[in-house]
Amino acid sequence: MSTDRGFPHQRGAYGSPTRDRCEAVLLDLDGTLVLSEEVHRLAWQAFFDTWGVTVTDADYEQHYMGRRPSDVIAGVPGPWTGTDAAAVLSTMTAFTLEHAGSVKVVPGAAALIQQIRVKYPVAVITSAGAPWAQHLLDKVLGIRHLVDVVVTSEDTTTGKPSPEGYLKACAALRARPEHCLAFEDSPSGVRALVAAGVRDIVGVTTTTDAADLTRAGACWTVPDLTSARVRSIRSALRTRGAAGRSNDEENRA
């Protein structure tokens, strides 16, 4: 897990310490900040072809997408069960890095992080390995210096939908999960956030339908991260914060 402790102190999204303040922003990487799912899908397809296995799109979304390959190889039954997972992972990593040039940025992603980082610490939590994450954050997005904590597959014993990665990021940022805002594109990632105790979850519909993300636990869904989409989320959060303060005042009365 890589960290940059130089993040600014933030009293809260609404100016004073309340139970609804935002303490940090948590972001997935693939599918949320960059459009890389096609590369990962091709890597998995090459893996399936090697073993002579046919996997439907529905099965891929449920069992493979957004998860660490090591968890899939260990937990999803197939002809690969009991084989050398390290060799498989090495081959898939090499393939994805070879095709990294085709990765595109989700509209608004880089600008969003630049805006967020002015007020809040930022963490990126990914099921991918460190070399892939470093390449995307540095070479594709150009915002690695703005990210305070990066949690990759090497930093967790169990990947998404386990909450481990998100909990580690919150601990490193000294932020409570229930006071974080998060962005995810896969149901497994959203479920990981819910399990971690994160309440404010934005589903980015680059790889998954809005309905599936909502069922997994997303509070809002957006097709991209452009300023107009983010403004609507900020408005909803302010409304929630105002309602929370009003309820607190009524309870004290």
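Note that the structure is a prediction, hence the values are computed from the model and not measured. For every chain, the first residue of the written sequence is number 1, and numbering continues from 1 onward in sequence order. Note on the predicted model: pLDDT of at least 70 is required for a residue's local features to be given, and 80 or more for side-chain atom pairs to be given and counted; whole-chain, interface and lining totals, by contrast, use all residues. Heavy atoms throughout the structure, all of them, feed into the side-chain values; hydrogens and water do not.

### A short note on the nonpolar core
Step number 1: Think of a nonpolar core as a cluster: buried Ala, Val, Leu, Ile, Met, Phe, Trp, Tyr and Cys residues, connected wherever their side-chain atoms sit within 4.5 Å. Only protein chains enter the calculation, and the probe is 1.4 Å; a residue is then buried if its accessible area is under 20% of its type maximum, exposed if over 50%, and partly exposed in between. Counting 37 residues, the largest nonpolar core has Leu27, Leu29, Leu33, Leu141, Phe183 and Leu225 as the members making the most contacts within it.
Step number 2: For this core, the elements supplying multiple residues, two or more each, are β2 (24-27), α5 (109-116), β5 (122-125), α6 (130-140), β7 (180-184), β8 (200-204), β9 (220-222) and α10 (227-252).
Step number 3: Two residues form a contact once any of their heavy atoms are found within 4.5 Å. When sequence neighbours within four positions are dropped, the list of residues in contact with phenylalanine 183 reads Val25, Leu26, Leu27, Asp28, Thr32, Leu112, Tyr166, Val202, Val204, Leu225 and Ile233.
Step number 4: With 23 residues, the next largest nonpolar core counts Ala24, Ala123, Ala182 and Val198 among its residues. Strands here are runs of E lasting at least two residues and helices are runs of H or I lasting at least four, both read from the DSSP assignment and numbered beginning at the N terminus.

### A few points about the pattern of salt bridges
Step number 1: The rule for a salt bridge is simple: a side-chain nitrogen of Lys or Arg has to be within 4 Å of a carboxyl oxygen of Asp or Glu. Under the criterion given, the structure shown has eight salt bridges.
Step number 2: Close ionic contact of arginine 41 with aspartate 57 constitutes a salt bridge, the shortest N to O distance being 3.3 Å. Note that arginine 41 is positioned in helix α1 (residues 37-51) and aspartate 57 in helix α2 (residues 57-63), a separation of 16 residues in sequence.
Step number 3: Accessibility expressed as a relative area gives 53% for aspartate 57, which makes it exposed.

### Quick look at the confidence of the model for the chain
Step number 1: A residue-level look at the chain finds 88% of positions with pLDDT of 70 or above and a mean pLDDT of 84.
Step number 2: You can read pLDDT as the predictor saying how much it trusts each residue, on a scale of 0 to 100. Below a pLDDT of 50 lies the segment residues 7-19, which in the model reaches 32 contacts outside its immediate sequence neighbourhood of four places, other chains included.
Step number 3: Under a pLDDT of 50 for its full length, residues 245-253 has, in the predicted model, three contacts with residues more than four places off or in other chains.

### Focus on a positive patch on the surface
Step number 1: Candidates for patches are residues over 30% relative accessible area with no salt bridge; among them, like charges are joined within 9 Å and nonpolar side chains (Val, Leu, Ile, Met, Phe, Trp, Tyr) within 5 Å. All accessible areas in this document rest on Shrake-Rupley with a 1.4 Å probe, and a residue is counted as covered only by the protein chains that are shown. In this charge count, Lys and Arg are treated as positive and Asp and Glu as negative; neither His nor the chain ends contribute. Charge positions are represented by NZ for Lys, CZ for Arg, CG for Asp and CD for Glu. Side chains of Lys119, Arg231, Arg234 and Arg238 sit close together on the surface and give a patch of like positive charge.
Step number 2: Residue position: lysine 119 is located in the loop between α5 and β5.

### Focus: the packing of aromatic side chains
Step number 1: Centres within 6.5 Å are what make two rings of Phe, Tyr or Trp a pair, Trp counting through its six-membered ring; a difference in plane orientation under 30 degrees is then read as stacked, over 60 as edge-to-face, and the rest as tilted. One pass over the full model with this rule turns up seven aromatic pairs.
Step number 2: A ring pair is formed by tryptophan 44 and phenylalanine 47, whose centres lie 5.4 Å apart and whose planes are at 85°; its orientation type is edge-to-face. Taken together, the residues span about one helical turn, with tryptophan 44 and phenylalanine 47 both in helix α1 at a distance of three residues. Neither residue differs from the other here; tryptophan 44 and phenylalanine 47 are each classed as buried.

### Side note on the sheet that holds β9
The strands that make up a sheet pair up through hydrogen bonds in the backbone, lying either parallel or antiparallel.
Step number 1: Strand order in the open sheet formed by seven strands is β1-β6-β5-β2-β7-β8-β9, with mixed pairing between adjacent strands. The sheet is open, and its two borders are formed by β1 (2-3) and β9, each paired with just one other strand.
Step number 2: Judged from the three bridges that link them, β5 and strand β6 (residues 149-151) form a sheet pairing that is parallel. Bridge assignment links alanine 123 to a residue of β6, and that residue is valine 149.
Step number 3: Of the strands in this sheet, β1, β2, β5, β6 and β7 touch helix α7 (residues 164-173), which is tilted by about 155° from β5. The rule for pairing is simple: two strands pair if DSSP sees at least two bridges between them. Fitted lines through C-alpha atoms give the axes, limited to the stretch in contact for helices. The angle between two N-to-C directions lies from 0 to 180 degrees.

### Observations regarding unusual backbone geometry
It is generally the case that most residues other than glycine have a negative phi and that most peptide bonds are trans.
Step number 1: Residue proline 161 follows lysine 160 across a cis peptide bond; omega there is 15°.
Step number 2: With respect to the helices and strands, proline 161 occurs in the loop between β6 and α7.
Step number 3: A positive phi angle is found at arginine 174, which is not glycine, with a value near 55°.
Step number 4: Mapped onto the secondary structure, arginine 174 falls in the loop between α7 and β7.

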